[in-house]
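Notes for the structure review
Next come the chains, spelled out residue by residue.
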Amino acid sequence: MSTKKRILFIASEMSPYLEMTEFAEIVNRLAVKSNESGMEVRCIMPRFGIINERRHRLHEVVRLSGINVSVDGDDYPLVIKVASLPNARLQIYFLDNEDLFKRKSIFNDENDKWFSDNGLRTVLFCKGALETVKKFGWPPDIIHCSGWMTGLIPMYIKTAYKKEPVFSNCKVVFTIGQNTYKEKMGANFAEIATINSNIKEKDIELFNEGSNSAMFRGGAHFADAITFGADKVDKKLTEEFNKARGKKVIKYDEQSDLTDYLQLYHDLAAK
């Protein structure tokens, strides 16, 4: 039986598939370095329509077909696709949905207008990622979430999914990055994000505002450890989480060789 520690990266962006901020390249490097250090690594990200399937050789994973994710009373079928990270023996899984992820832009339309359903898309991705891991039957020791779109996942693991055996022993790392949007998720965001009765009003209140900072704040609050993924991070978030009580914190360092991340993963997995 393998004794390798398992790490799952859940990210809204990752080189070379999608690069919206500088952390996309760091996620790539972290996945490769974790793999080279002897950890068992998997990655999950959205299959936004601008990701070229032919160029990156994505193909559907038939054994993972049939996942339907319920959000706000509606069911959304997920198609799971996979690619191998260039120059590394790593599997990158992409979550696709015809209605919410196929469009040829990411969060804004051709007139740079914020999509009104970005809140729904966020909930679908976060819940869908965890449902995909359940389908894997692959219990991770560490889940590293990056990108504001993953902000709900630490909270879901500590509430909605806390009784799921696949997540019972995992620790969560959350990366606070730079703010990239000024809009709000919508008045009903907290309602649709409350995916089951294990989530209480106090659990969702940090996300109520639906702002970029709120997504980062909520994710960091529920995580076991925090990293900073950019030099320019919301000043209030920096002050609030730089010395978070009871949490290991890794500050942003563009010159880092990432060994501090690997040490963090091993320390958390050993607890």
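On a predicted model such as this, the values are computed, not experimentally measured, just so you know.

Side note on the UniProt feature "domain: Starch synthase catalytic" (unreviewed entry) in the protein chain
Here, UniProt's "domain: Starch synthase catalytic" (unreviewed entry) annotation points to residues 6-228. Overall, residues 6-228 shows 28% helix and 23% strand. The separation of its end C-alpha atoms is 22 Å.

Regarding the layout of surface pockets
Put simply, the largest pocket is a space of about 250 Å³. Across the lining of the largest pocket, the residue classes break down as 8 nonpolar, 10 polar and 1 charged.

Structural notes on the packing of aromatic side chains
Counted according to the given criterion, the structure contains 12 aromatic pairs. Of the aromatic side chains, those joined through ring pairs into one cluster are Phe48, Phe101, Phe107, Trp114, Trp148 and Tyr181. Taking the ring centre of Phe115 as reference, the NZ or CZ of Arg103 above it sits at 4.5 Å.

Remarks on a negative patch on the surface
A surface patch of negative charge is lined by Glu22, Asp231, Asp253, Glu254, Asp257 and Asp260. Mapped onto the elements, Glu22 comes out in the loop between strand 1 (6-11) and helix 1 (23-36). Under the relative-accessibility criterion, Glu22 is labelled partly exposed at 38%.

Let's talk about the side chain of His144
As for its placement among the helices and strands, His144 is situated in strand 7 (residues 142-146). Among the polar contacts listed, one links the side chain of His144 to the side chain of Tyr265, at a separation of 2.7 Å.

What counts, and at which threshold
Residues numbered from 1 in each chain as written. Predicted model: local features only at pLDDT ≥ 70, side-chain atom pairs only at ≥ 80, totals over all residues. Heavy atoms only, no water. UniProt positions renumbered as here; feature names shortened; annotations may be inferred. Helix = DSSP H or I, 4+ residues; strand = E, 2+ residues; numbered from the N terminus. 1 Å grid on protein atoms, 1.4 Å probe; cavity = no way out; pocket = protein on both sides within 12 Å on 5 of 7 lines; lining within 4 Å. Points joined across faces, edges and corners; volume = space filled by probe spheres on them. Nonpolar A, V, L, I, M, F, W, Y, C, P; charged D, E, K, R; others polar. Phe/Tyr/Trp six-rings, centres within 6.5 Å; stacked < 30°, edge-to-face > 60°. Lys NZ or Arg CZ within 6 Å of the ring centre and 35° of its normal. Patch = residues over 30% accessible without salt bridge, like charges linked within 9 Å, V, L, I, M, F, W, Y side chains within 5 Å. Areas by Shrake-Rupley, 256 points an atom, 1.4 Å probe, with all protein chains shown as cover. Salt bridge = Lys/Arg side-chain N within 4 Å of Asp/Glu carboxyl O. Lys, Arg positive; Asp, Glu negative; His and termini not counted. Charge placed at Lys NZ, Arg CZ, Asp CG, Glu CD. Buried < 20%, exposed > 50% of the residue type's maximum accessible area, 1.4 Å probe, protein only. Polar contact = N/O pair within 3.5 Å; in protein donor to acceptor, adjacent residues only side chain to side chain.

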